Amino acid sequence: MTYPIPDEALNEHIAFLGSTGAGKTWAAKTAVERLYAAGDKVCVIDPTGAWFGLRLSRDGTKNGLSFALLGGDHGDVQLTEHNGEAVARYVVEGAHPAVIDISTMLLSEQRRFMTAFAE
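Since the structure is predicted, the reported quantities are computational estimates derived from the model, not experimental observations.

A.B. asks: Mind showing me how you'd approach the pairing of strand β2 (residues 68-71) here?
C.D. replies: Residues in a regular strand point their side chains to alternate faces of the sheet. Of the pairings in the sheet, the one linking β2 to strand β3 (residues 98-101) comprises 4 bridges and is parallel in character. In the sheet register, Leu69 faces β3, and the bridge partner there is Val99. Handedness of the crossover joining β2 and β3 through helix α2 (residues 84-93) is recorded here as right-handed.

A.B. asks: Would you take a moment to explain helix α3 (residues 107-118) for this structure?
C.D. replies: Helical periodicity: at 3.6 residues per turn, an α-helix aligns residues three or four positions apart in one direction. End to end, α3 covers 16 Å across 12 residues, agreeing with the expected 16 Å (1.5 Å per residue, within 8%). All buried positions along α3 are accounted for by Gln110, Phe113 and Phe117. Taken down its axis, α3 places every buried residue within 70° of arc, on the same side.

A.B. asks: Before we go on, may I ask you to explain the nonpolar core in this structure?
C.D. replies: Buried together is how nonpolar side chains tend to be arranged in soluble globular proteins. Counting 13 residues, the largest nonpolar core has Val32, Val42, Val44, Trp51, Leu54, Phe67 and Val99 as its most contacted members. Of all hydrophobic cores here, the second largest spans 12 residues; its members include Val91, Ile102, Met105 and Phe113.

A.B. asks: Sorry, what's going on with helix α1 (residues 24-37) here?
C.D. replies: The end-to-end C-alpha distance of α1 is 20 Å, a good match for the 20 Å that 14 residues give at a rise of 1.5 Å each. Residues of α1 that are buried: Ala27, Ala28, Thr30, Ala31, Val32, Arg34 and Leu35. Those residues of α1 that are buried lie in contact with β1 (43-46). Backbone geometry just after α1 places Gly39 at a positive phi near 85°.

A.B. asks: I would appreciate a short explanation of the packing of aromatic side chains in the present structure.
C.D. replies: Aromatic ring pairs are described here by two measures, namely the spacing of the ring centres and the angle between the planes. Inspection of the entire model under this criterion finds 2 aromatic pairs. A ring pair is formed by Tyr36 and Phe67, whose centres lie 5.4 Å apart and whose planes are at 25°; its orientation type is stacked. With Tyr36 in helix α1 and Phe67 in the loop between β1 and β2, this pair connects stretches of sequence that are 31 residues apart. Judged by its relative accessible area of 26%, Tyr36 falls in the partly exposed class. On the basis of an interplanar angle of 15° and a centroid distance of 6.1 Å, the ring pair of Phe113 and Phe117 is categorised as stacked.

A.B. asks: Please explain the pattern of salt bridges as it appears in this structure.
C.D. replies: Pairs can form between side chains of opposite charge whenever their charged atoms are close. Counting across every chain of the model gives 3 salt bridges. A salt bridge links Arg55 to Asp76, with the nearest nitrogen and oxygen atoms 2.7 Å apart. Taken together, the residues span a long stretch of sequence, with Arg55 in the loop between β1 and β2 and Asp76 in the loop between β2 and α2 at a distance of 21 residues. For Arg55, a relative accessible area of 27% corresponds to the partly exposed category. Here Glu81 and Arg112 are joined by a salt bridge, their closest N and O atoms 2.2 Å apart. In this pair, Glu81 sits in the loop between β2 and α2 while Arg112 sits in helix α3, placing the two residues 31 residues apart along the sequence.

A.B. asks: Honestly, the side chain of Gln110 in this entry has me stumped. Any pointers?
C.D. replies: Checked against the element boundaries, Gln110 lands in helix α3. There is a polar contact of 2.9 Å between the side chain of Gln110 and the backbone oxygen of Ile102. Setting aside anything within four residues of it in sequence, one finds Gln110 in contact with Pro47, Ile102, Ser103 and Met105.

About the cut-offs
- Residues numbered from 1 in each chain as written.
- Predicted model: local features only at pLDDT ≥ 70, side-chain atom pairs only at ≥ 80, totals over all residues.
- Heavy atoms only, no water.
- Pairing = 2+ DSSP bridges.
- Helix = DSSP H or I, 4+ residues; strand = E, 2+ residues; numbered from the N terminus.
- Right-handed = clockwise from strand over helix to strand, strands pointing away.
- Expected span 1.5 Å × (residues − 1).
- Buried < 20%, exposed > 50% of the residue type's maximum accessible area, 1.4 Å probe, protein only.
- Arc of directions from axis to C-beta.
- Core = buried A, V, L, I, M, F, W, Y, C linked by side-chain atoms within 4.5 Å.
- Contact = heavy atoms within 4.5 Å.
- Phe/Tyr/Trp six-rings, centres within 6.5 Å; stacked < 30°, edge-to-face > 60°.
- Salt bridge = Lys/Arg side-chain N within 4 Å of Asp/Glu carboxyl O.
- Polar contact = N/O pair within 3.5 Å; in protein donor to acceptor, adjacent residues only side chain to side chain.

In structure tokens form, the structure reads like this:
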């Protein structure tokens, strides 16, 4: 299958930018699925709550990819603005792919969480 993003680009820092409806999430999910299939470490920061669907099949009737889902409405565990450092440790030290859903946090809480996560 031909993908719009070459495999080599997935080994570098990459960002998906565009207006609403341009296909950013679709392109990013395709990239994440490819990285997961290759056995690479994958961590998605989800500010919109859209990424829990990775754990479902395309038709939503079966299990999908095995990701830890942290935070959000569908999370295995809930997050607070104070969990950023602990979640970063989990991601860096663990071998399990993760989606970090910060969509249910207030913007100020997201900033505090992400600052601690990034540091």
